[in-house]
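Residues per chain, in single letters:
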Amino acid sequence: MSALTYGYAVWAPIVWIIAMVVIGIMVFIWRNRGQKSYKQGTAQTDVFLSGNKVPPEEQRHVKAANIYWGFFESLKGLYDAMMKPHTGIVNDYIIWFVAVLAVTILILVLASL
Amino acid sequence: MDSLIYHSPALIVALPLVAAFAIPLISRAGYRVRSTFSLVILGLVTFLVAVLAVDVHTVGIRVYTFGATAAELALPGGYMVPVRIMFQVDGMSIFMGIIITTVTLAALIYSIHFMKAGDMFNLFVFLEIASIAGAGLAAYRTNMADALEGGFKYIVVSAISALMVLFAIGILYSQYNVLSIAALANYMQYTTLDMIALGLLGGAFVMKLAGVPLHMWAPDTYTVAPAGTTPMILAASYTSMYALYRITFTLYGAHIDSTAIGWIVIVVGVLSMFVGVMMAVHQTDIKRMMAYHAISQGGYMLLGVGVGLAVLANPVALASYGRDAINGGVFHIINHVFYKALLFMTAEAIFFRIGTRDTNKMGGLARNMKWTAVFYIIGALAISGIPPLNGFASKLLIYETVLQFNPVLAVIAMFVSLVTLASFAKVFYSAFTGPEMPAYREVREVPKSMIIGMAILAACVIFFGIFPGLIVDNLVAPATEALINQAPYINAVMGAVP
């Protein structure tokens, strides 16, 4: 009832959950055998920025626009091309619709000949 | 009870219609009375859909003819073709009915605080009703300029698509003198005019389901629609996907070159997946980001069903992976509606409390909005295809089957899932984690009704993820069978071919 059988394989979520719970327990036990000298709330856990003055907490949060900056910068050409049709003008949306209809009908008519 | 089952196809449409006109009157009795009335009606409709689903599952296709001496009488005495208004309910149409009623019920509970056509013309009429209602729902916040703009774009796009659907229906009617899908499928000669009609219908439905490159209206509309209404607009979009499948499989499926049609669907699907996700990861408006993901996830549904359509004429490939590919695409519709409605609700919950959709201005919200954060995580993991949630089960079916059809397509599908996860991780990091922002120190969790609405959808996401076999065997496989095997649909109206 739970497992999904398809073609040549099977996906059994309940078996997967049981396996994850067992792995989780093993990781938890392993973690508890780790470093004992760690102490929360001491200088051990202070932020270190190569000796520079650490800004206040609320200024340390990385804004959404800065996340994946390198990814967007390296794909600038692709993004410029993708952004271009997104004009926000409904007339342009309809021009796209007419163009796609023309191409689709042409393909279908040619395929049926 | 028997009478209720017998008339359920008509009641499912009539009850919400009557209630819609009654609500302005009932509202005069107070806000609580109106909310209770809406909830009771929607609960009743959900119950009727469930009863009809069981009936279709056990008995088979249901035909309901208006004005006939007996509702199941499709052909009046002496007639060769059906002439009355008629509903035809099979596995695929009841599957869509379950999606729409369940998600609408959850959306209604969330908002307290804050199909089944058997002929072409009915299909057009109900799509139009859904579009007009959708435009009104998108422009609900009339005090916001962008809401009016979003609603206006939706109605322009819907009206022009509907015009093309009507034009195509005109082409078919002028040739065959019938409107019934079953009768048309029976008599169709597959002329050049029929192909033009198919192109018009296909283009119009792709526009309405926001497939690339006809998707641009979707972010503008979804972004401004209140989350309580977004699931209904989302469901209207997937009704167009249902219409596309009904046309390609049932109306044209038997004789056309399904490989060419299948590849057109696959190309639209892959473009939707790729462009949708790449645009989504770039957004900083949380609802706009989710709207682009809706386009991207629509691509998975098209990819799965497109692969099935491409191998429809090849019995070996169809049995080997084509049927499972369609199962994956269809299963993804219901999974997507649940987790995407949930994600839109979490985004609206944030907007409800902090008054902005800009993720650049967010941070540390999980401290005060713990339930919203938990529901966001569930939705984000589900849409990214992380086991054991529902998105994984349908995506796994799509990956495995598409891999056998064309490995490059499977690699693109997996890449898109990775970028989806990256995109939702970006929003989670910027909105929910990090230090407490001074401006949001006083922010509180959203009211209970909103939490309950999100909890219902989150429960569906988890349940469908843990019991995918149950859902696929009882809901998805009958829907797929209804698409692949056109004969029972045609015979239910036209009578068995001797």
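What you are looking at is a predicted structure, and each value in this text was computed from that prediction instead of being measured.

The secondary structure content of chain A amounts to four helices and two strands. Secondary structure elements of chain A occur, N-terminal to C-terminal, as β-β-α-α-α-α. Rg of the C-alpha trace for chain A: 28 Å, well past the compact-globule value of 13 Å for 113 residues, more than 25% over. Evaluated residue by residue, chain A yields a buried proportion of 10% over its 113 residues.

Another point: the overall build of chain B. The helix and strand inventory of chain B stands at 18 helices and two strands. In summary, chain B has a C-alpha radius of gyration of 22 Å against a globular reference of 23 Å for 498 residues, a match within 12%. Overall, the C-alpha framework of chain B stretches about 75 × 60 × 40 Å when taken along its three principal axes. Evaluated residue by residue, chain B yields a buried proportion of 58% over its 498 residues.

The next subject is the packing of helix H9 (residues 230-251) of chain B against helix H12 (residues 315-354) of chain B. All names here are of chain B. Where H9 contacts H12, the axes come no closer than 9 Å and their chain directions differ by 155°. Here H9 is positioned roughly antiparallel relative to H12, judged by the angle of their axes. When you trace H9 past H12, the crossing you get is right-handed. Contact residues: Thr230, Pro231, Leu234, Ala235, Tyr238 and Met241 in H9; Ile333, Val337, Lys340, Ala341 and Phe344 in H12. Counted by class, the contact of H9 with H12 contains nine nonpolar, one polar and one charged residues.

A few words on the pairing of strand E1 (residues 62-65) of chain B. If a strand is regular, its side chains alternate between the two faces of the sheet. Residues and elements named next belong to chain B. Every second residue of E1 is oriented toward a common face, with Arg62 and Tyr64 on one face and Val63 and Thr65 on the other, all of them buried. Across four bridges, the pairing between E1 and strand E2 (residues 86-89) is antiparallel. Residue pairing for E2: Tyr64 is matched across the bridge by Phe87.

Here helix H1 (residues 2-26) of chain B is 25 residues long, yet its end C-alpha atoms lie only 30 Å apart, well below the 36 Å a rise of 1.5 Å per residue gives. All of the buried residues in H1(B) are Ser8(B), Pro9(B), Leu11(B) and Ile12(B).

This part is about the interface of chain B and chain A. Contacts between chain B and chain A engage 57 residues on the former and 42 residues on the latter. When the residues that make up the side of chain B that touches chain A are grouped by side-chain class, the tally is 37 nonpolar, 14 polar and six charged.

Right, let's get into the confidence of the model for chain B. On average, residues of chain B carry a pLDDT of 86, and 96% of them reach 70 or more. Predicted as a complex, the structure gets a pTM of 0.85 and an ipTM equal to 0.87.

Residues and elements named next belong to chain B. In terms of nonpolar packing, the biggest core is built from 187 residues, with Leu303, Phe338, Leu342 and Val461 touching the most fellow members. Here this core takes 18 residues from H12, the largest share from any one element. Other than its neighbours up to four places away in sequence, Leu303 contacts Ile266, Gly269, Val270, Met273, Gly329, Ile398, Val402, Leu409 and Ala413.

Residues and elements named next belong to chain B. Relative to the helices and strands, Phe351 is located in helix H12. Spatially, the C-alpha atoms of Phe351 and Pro226 are 9.9 Å apart, while their sequence positions differ by 125 residues. Not counting residues within four places of it along the chain, the set of residues in contact with Phe351 comprises Thr356 and Arg357.

Time to look at unusual backbone geometry. Glycine aside, negative phi is the norm for most residues, and most peptide bonds take the trans geometry. The residue after Val212(B), namely Pro213(B), is reached through a cis peptide bond having omega 10°. Backbone torsion omega between Pro387(B) and Pro388(B) reads 5°, so that peptide bond is classified as cis. With respect to the element layout, Pro388(B) can be found in the loop between helix H13 (370-383) and helix H14 (390-405). Residues other than glycine seldom take positive phi values, yet Tyr68(A) does so here, at roughly 60°. Positionally, Tyr68(A) belongs in the loop between helix H1 (13-32) and helix H2 (69-74). Positive phi is not limited to glycine here, since Ala210(B) has a value of about 65°. Looking at the secondary structure, you find Ala210(B) in the loop between helix H7 (192-208) and helix H8 (217-224). Among the residues examined, Ala210(B) registers 26 C-beta atoms within 10 Å and is labelled buried.

Now for the packing of H14(B) against helix H15 (residues 407-432) of chain B. Between two packed helices, the angle of one axis relative to the other and the distance separating the axes together describe the packing. Residue and element names in this part refer to chain B. Contact geometry of H14 with H15 gives a least axis separation of 6 Å together with a crossing angle of 150°. Classed by the angle they form, the pair H14 and H15 counts as roughly antiparallel. Touching Lys395, Ile398, Tyr399, Val402, Leu403 and Phe405 of H14 are Pro407, Leu409, Ala410, Ala413, Met414 and Ser417, all from H15. Residue composition of the contact of H14 with H15, by class: 10 nonpolar, one polar and one charged.

Topologically, Leu110(A) is positioned in helix H4 (residues 90-112). Along the primary structure Leu110(A) and Phe48(A) are separated by 62 residues, whereas in three dimensions their C-alpha atoms are 67 Å apart.

Rules of the game
- Residues numbered from 1 in each chain as written.
- Chains lettered and ligands numbered in written order.
- Predicted model: local features only at pLDDT ≥ 70, side-chain atom pairs only at ≥ 80, totals over all residues.
- Helix = DSSP H or I, 4+ residues; strand = E, 2+ residues; numbered from the N terminus.
- Rg over C-alpha atoms; globule rule 2.2 N^0.38 Å.
- Buried ≥ 20, exposed ≤ 12 C-beta atoms within 10 Å, placed from the backbone.
- Axes fitted to C-alpha atoms, helices over the stretch in contact; angles between N-to-C directions.
- Parallel < 35°, antiparallel > 145°, perpendicular 65-115°, else oblique.
- Left-handed = near helix turned anticlockwise from the far one by under 90°.
- Contact = placed C-beta atoms within 7 Å.
- Nonpolar A, V, L, I, M, F, W, Y, C, P; charged D, E, K, R; others polar.
- Pairing = 2+ DSSP bridges.
- Expected span 1.5 Å × (residues − 1).
- pLDDT = per-residue confidence, 0-100.
- Core = buried A, V, L, I, M, F, W, Y, C linked by C-beta atoms within 7 Å.

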